[in-house]
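Fold and geometry: a report
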Amino acid sequence: MKGRLIAIVKLILPFFAIAISFLAYYKIEDNGKQKITEHPYYLYFIVAIGIVILIEMILGIFIISIREKIVYKTPLLSGVIFFLLFLNYITTKTTLLPTLYFPSLDRVVGLIVEQRVFLLNNVLDSFKLLISGFLWGASVGFLTGLALGYFKKVGYWLNPVTKVIGPIPTTAWIPLVLSTFPTTQSANIFLIAFAVWFPVTLMTSSGIQSVSNVNFEVSRTLGASTLYQILHVAIPAAMPSIFLGVFYGTVSSFATLMAVEMNGNSSGIGWYINWQKSVMMYDGVYAGLIIIATICSLTLTVLFRVRDRVLIWQKGVIKW
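Residues numbered from 1 in each chain as written. Predicted model: local features only at pLDDT ≥ 70, side-chain atom pairs only at ≥ 80, totals over all residues. Heavy atoms only, no water.

Moving on to the overall build of the protein chain. Helices and strands together make up the secondary structure of the protein chain, namely 12 helices and zero strands. Reading the secondary structure of the protein chain in the N-to-C direction produces α-α-α-α-α-α-α-α-α-α-α-α. A globule of 320 residues ought to have a C-alpha radius of gyration of about 20 Å, yet the protein chain, at 25 Å, is considerably larger. Its C-alpha atoms give the protein chain principal-axis dimensions of roughly 80 × 60 × 30 Å. In the protein chain, which comprises 320 residues, the proportion classed as buried is 41%. For the protein chain, long-range pairs separated by at least 24 residues make up 73% of all intrachain contacts whose partners lie at least 6 apart in sequence. Summed over its atoms, the accessible surface of the protein chain is roughly 18700 Å², and 70% of this surface lies on carbon and sulfur atoms. (Helix = DSSP H or I, 4+ residues; strand = E, 2+ residues; numbered from the N terminus. Rg over C-alpha atoms; globule rule 2.2 N^0.38 Å. Buried < 20%, exposed > 50% of the residue type's maximum accessible area, 1.4 Å probe, protein only. Contact = heavy atoms within 4.5 Å. Areas by Shrake-Rupley, 256 points an atom, 1.4 Å probe, with all protein chains shown as cover.)

Moving on, we get to the pattern of salt bridges. Throughout the structure, instances matching the rule amount to three salt bridges. R107 serves as the salt-bridge partner of D283, at 3.9 Å between the closest nitrogen and oxygen. Residue D283 is located in helix α12 (residues 282-310), and its partner R107 is located in helix α4 (residues 105-114); the two are separated by 176 residues in the primary sequence. The class of R107 is buried, set by a relative accessible area of 13%. We note a salt bridge from D308 to R307, for which the minimum N-O separation is 4.0 Å. (Salt bridge = Lys/Arg side-chain N within 4 Å of Asp/Glu carboxyl O.)

So, about the packing of helix α5 (residues 116-150) against helix α8 (residues 184-209). Their axes nearest at 6 Å, the elements α5 and α8 cross at an angle of 35°. α8 is crossed by α5, and the crossing has right-handed handedness. By residue class, the composition of the contact of α5 with α8 is 17 nonpolar, 13 polar and no charged. (Axes fitted to C-alpha atoms, helices over the stretch in contact; angles between N-to-C directions. Left-handed = near helix turned anticlockwise from the far one by under 90°. Nonpolar A, V, L, I, M, F, W, Y, C, P; charged D, E, K, R; others polar.)

With that settled, consider empty space enclosed by the protein. Following the criterion strictly, the structure yields two cavities of 30 Å³ or more and no others. By volume, the largest cavity is sized at about 60 Å³. In terms of residue count, the dominant contributor to the lining of the largest cavity is α5 (four residues). Looking at the lining of the largest cavity, its residues break down into eight nonpolar, one polar and no charged. Estimates place the volume of the second largest cavity at around 30 Å³. Lining the second largest cavity are S21, A24, Y25, I28, L85, N88, Y89 and K93. Within the residue set of the lining of the second largest cavity, elements represented by two or more residues are α1 (2-27) and α3 (64-93). No other element matches α3, which puts four residues into the lining of the second largest cavity. (1 Å grid on protein atoms, 1.4 Å probe; cavity = no way out; pocket = protein on both sides within 12 Å on 5 of 7 lines; lining within 4 Å. Points joined across faces, edges and corners; volume = space filled by probe spheres on them.)

In C-alpha cells:
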C-alpha cells in the first residue's frame, strides 16, 4: 500500500510542477526588461513534457515495463520542470542577472520554433561536415590501430609518431591546416578526422595488444592465416576497446566541429552560435548550444545501442 502511494505521488509530481509554473508565469509580475514574445513558448514546452508523461502513463496501464520506467523517471522530470521554473523566475521576474546575457526561456524556445527552418539547414550542413570527418578519422584510426596492435614491426616505427602528434590538441593545428589545404571545407574535414583518429587508434591498438597470445597461438596451430587471425581473433576480441575509442572520438569530433565552424565557415550550427554572439543575440547562442548538446547526446545514445547489439554479452556493462 505504501509503495503504491509513493508511486502515485511520483506520477502526480510533474503535473504539480507544471501547475506551479503556470501560476508563477501569470501571477508574478515581470521585471519589464525582457523582450516580449508573441507566444508563451516556455509554457508550451513544459506542457509538451506533461503530454508525453501523460501518454506514457496511459501506455503504462497496459505495459508493465513502460509503467516502471515512467514511475522511475517522473521525479527527474519534475526536477527539470522545477529547474526551468527557477530559471524563468530569475530571468523574467527579477533583475538578478543581466538581461542581455540571460534571455528568458520564452525567447530561447521561441527562437528555436520561429527559426526552425534556418536552424535545420545549419544543422544539416554541420552534420555533413561531421559525418565526412568522422568516417575518415574512424577508418584511418581503425587501420592505424590495427597495424600498431598486431604488427610489431609497424608499431616499432609508427608508435613514436602517434605518441608525439596524437596528444596535440586539434585546435592547435587550425592555423597550419587552413594555410595548407586548398579549401576551408577540406581543412575542416581533416581537423575533425584528426580529432577522431587518435582515440580510435589508441583504443584499437590497446585492445588488440591486450588479447592473450594463447588465442593467436591456438589459431595458428590450427592453420589460421594472418588475415583470419586479424578478422576472427584480434578484431572481435578488441571490439569493446574499439567502441570506447569511437565514443571518445565522437565527443572530440563535436568539440572540433564547433571550433572549426567558428573559423571561416559561412554555415553550420557552430557558425550560427558565433554569429549570434557577435550581434549580441544570446537567445540564439543558447538555442544553438541546446541543439548541439541534444544532437551529441542522441548520437552517443545510438552508438551505445549499436554497441549493445554487437557486444550482446557486455550489454549494460557501460551505460549512457
